Amino acid sequence: MAKVNLKGGALLAPLPPVLVSCGNEETGETNILTVAWTGILNTKPPKTYISVRPTRHSHHIIKESGEFVLNLTTESLVKTADYCGIYTGKKVDKFEKCKLTREKSTVVSCPSIAESPFSIECKVTEVVPMESHDMFLADIVAVNVDESLLDEKGKICLEKAHLAAFAHGEYFALGKKLGTFGFSTKKSGKKKPKR
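In what follows, the accompanying structure is described. (Residues numbered from 1 in each chain as written. Predicted model: local features only at pLDDT ≥ 70, side-chain atom pairs only at ≥ 80, totals over all residues. Heavy atoms only, no water.)

Let's talk about the sheet that holds strand β8 (residues 118–129)
The strands making up a sheet are joined through hydrogen bonds of the backbone, oriented either antiparallel or parallel. Pairing is antiparallel across the open sheet formed by 7 strands, whose spatial order is β2-β1-β5-β8-β9-β4-β3. Two strands in the sheet have a free side with no partner beyond their single neighbour: β2 (29–35) and β3 (38–42). Across the sheet, the axes of successive neighbouring strands diverge by a mean angle of 35 degrees, strand direction being ignored. Two strands pair when backbone bridges link them, and strand β1 (residues 18–24) and strand β5 (residues 67–71) are joined in this way by 3 bridges, in the antiparallel orientation. Bridging across to β5, S21 finds its partner in V69. Packed on one face of the sheet, helix α1 (residues 57–65) meets β1, β2, β4 (47–52), β5, β8 and β9 (134–145) and runs near 115 degrees to β2. Running at roughly 110 degrees to β2, helix α2 (residues 78–86) makes contact with β1 and β2 of the sheet. (Pairing = 2+ DSSP bridges. Helix = DSSP H or I, 4+ residues; strand = E, 2+ residues; numbered from the N terminus. Axes fitted to C-alpha atoms, helices over the stretch in contact; angles between N-to-C directions. Contact = heavy atoms within 4.5 Å.)

Next comes the structure, spelled out in structure tokens:
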């Protein structure tokens, strides 16, 4: 397969289009922004990040509060995620406009989004200024999962969540499961015929 060399750019796909909720109900300033530049940085302690342009309305809210919640986007929330990534919270209450429910978080003071089946509560540990964005490094202090997505042993069944992905300006539904971690090295369980 021949490849064409392109100049370096911000292309990595797919990414999760997460609805980031921030602010504080007591101060009355809450907002939602959509971020695709996020991921896991570390397991122990569990750490994540989001990259946000300093010009975004939520930037100062997150910087001042030191908290945010990553609410994972499902297929049914894609239109909402797109809206929350386009419009500014300076001019519109996105919770109200998108008919989203503010849900009290378990550890952080900013609200979670009740309609998201996964809400990951985060406390900022460091802000790394980049040229176009600031990267908020954060500890994951709580993970809240819709109980319908847990099996009888408490294992999370992600395939039931119908999560969405974002790739180069387009949204996609995650497809079928292709395997589990380590499946390439597992034995089939079938006995080999004797010779």
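Re α1
Listed as buried for α1 are H57, S58, H59, I61 and I62. Buried residues in α1 make contact with β1, β2, β4, β5, β8 and β9. Where α1 ends, the next residue or the one after it, G66, has phi of about 75 degrees, a positive value. (Buried < 20%, exposed > 50% of the residue type's maximum accessible area, 1.4 Å probe, protein only.)

A few points about the nonpolar core
One finds V20, V35, I50, I62, F68, L70 and C122 to be the most contacted residues of the largest nonpolar core, which totals 21 residues. Counting residues per element, the ones that place at least two in this core are β1, β2, β4, α1, β5, β8 and β9. Of all hydrophobic cores here, the second largest spans 11 residues; its members include C84, F95, C98 and L100. (Core = buried A, V, L, I, M, F, W, Y, C linked by side-chain atoms within 4.5 Å.)

Notes on the pattern of salt bridges
For the structure shown, the criterion picks out 3 salt bridges. In this structure, D139 and K47 form a salt bridge, with 2.7 Å as the shortest nitrogen-oxygen distance. Of this pair, D139 sits in strand β9 while K47 sits in strand β4, and the two are 92 residues apart along the sequence. D93 serves as the salt-bridge partner of R102, at 3.2 Å between the closest nitrogen and oxygen. Residue classification places R102 among the partly exposed positions, given a relative accessible area of 33%. What makes D93 partly exposed here is its relative accessible area of 31%. (Salt bridge = Lys/Arg side-chain N within 4 Å of Asp/Glu carboxyl O.)

Thoughts on the pairing of β2
For β2, the tally of buried residues reaches 6 of 7 residues, placing the bulk of the element in the interior. Of the pairings in the sheet, the one linking β1 to β2 comprises 7 bridges and is antiparallel in character. The residue bridging V18 from the neighbouring strand is V35, located in β2. Counting the residues between successive antiparallel strands, the hairpin from β1 to β2 contains 4 residues, one of them, G28, with a positive phi of roughly 85 degrees.

Overview of a nonpolar patch on the surface
On the surface, L150, I156 and L158 cluster together to form a nonpolar patch covering roughly 230 Å² of accessible area. Here L158 lies in the loop between β9 and β10 (164–167). Looking at L158, the relative accessible area reads 46%, which means it is partly exposed. (Patch = residues over 30% accessible without salt bridge, like charges linked within 9 Å, V, L, I, M, F, W, Y side chains within 5 Å. Areas by Shrake-Rupley, 256 points an atom, 1.4 Å probe, with all protein chains shown as cover.)

Describing α2
Within α2, the full set of buried residues consists of V78, T80, A81, Y83 and C84. At its buried positions, α2 is contacted by β1, β2, α3 (94–97), β10 and β11 (170–173).

Concerning the pairing of β8
Two strands pair when backbone bridges link them, and β5 and β8 are joined in this way by 5 bridges, in the antiparallel orientation. Among the inter-strand pairings, F68 is bridged to a residue of β8, identified as C122. What sits between the antiparallel neighbours β8 and β9 is a turn of 4 residues.

Comments concerning the state of the cysteines
Scanning all chains against the criterion turns up 0 disulfides. With no disulfide of its own, C84 has C98 as its nearest cysteine by sulfur position, at a separation of 4.0 Å. Residue C98 is classed as buried on the basis of its relative accessible area, which comes to 16%. (Disulfide = S-S within 2.5 Å.)

Interpretation in functional terms is not warranted from these geometric data alone.
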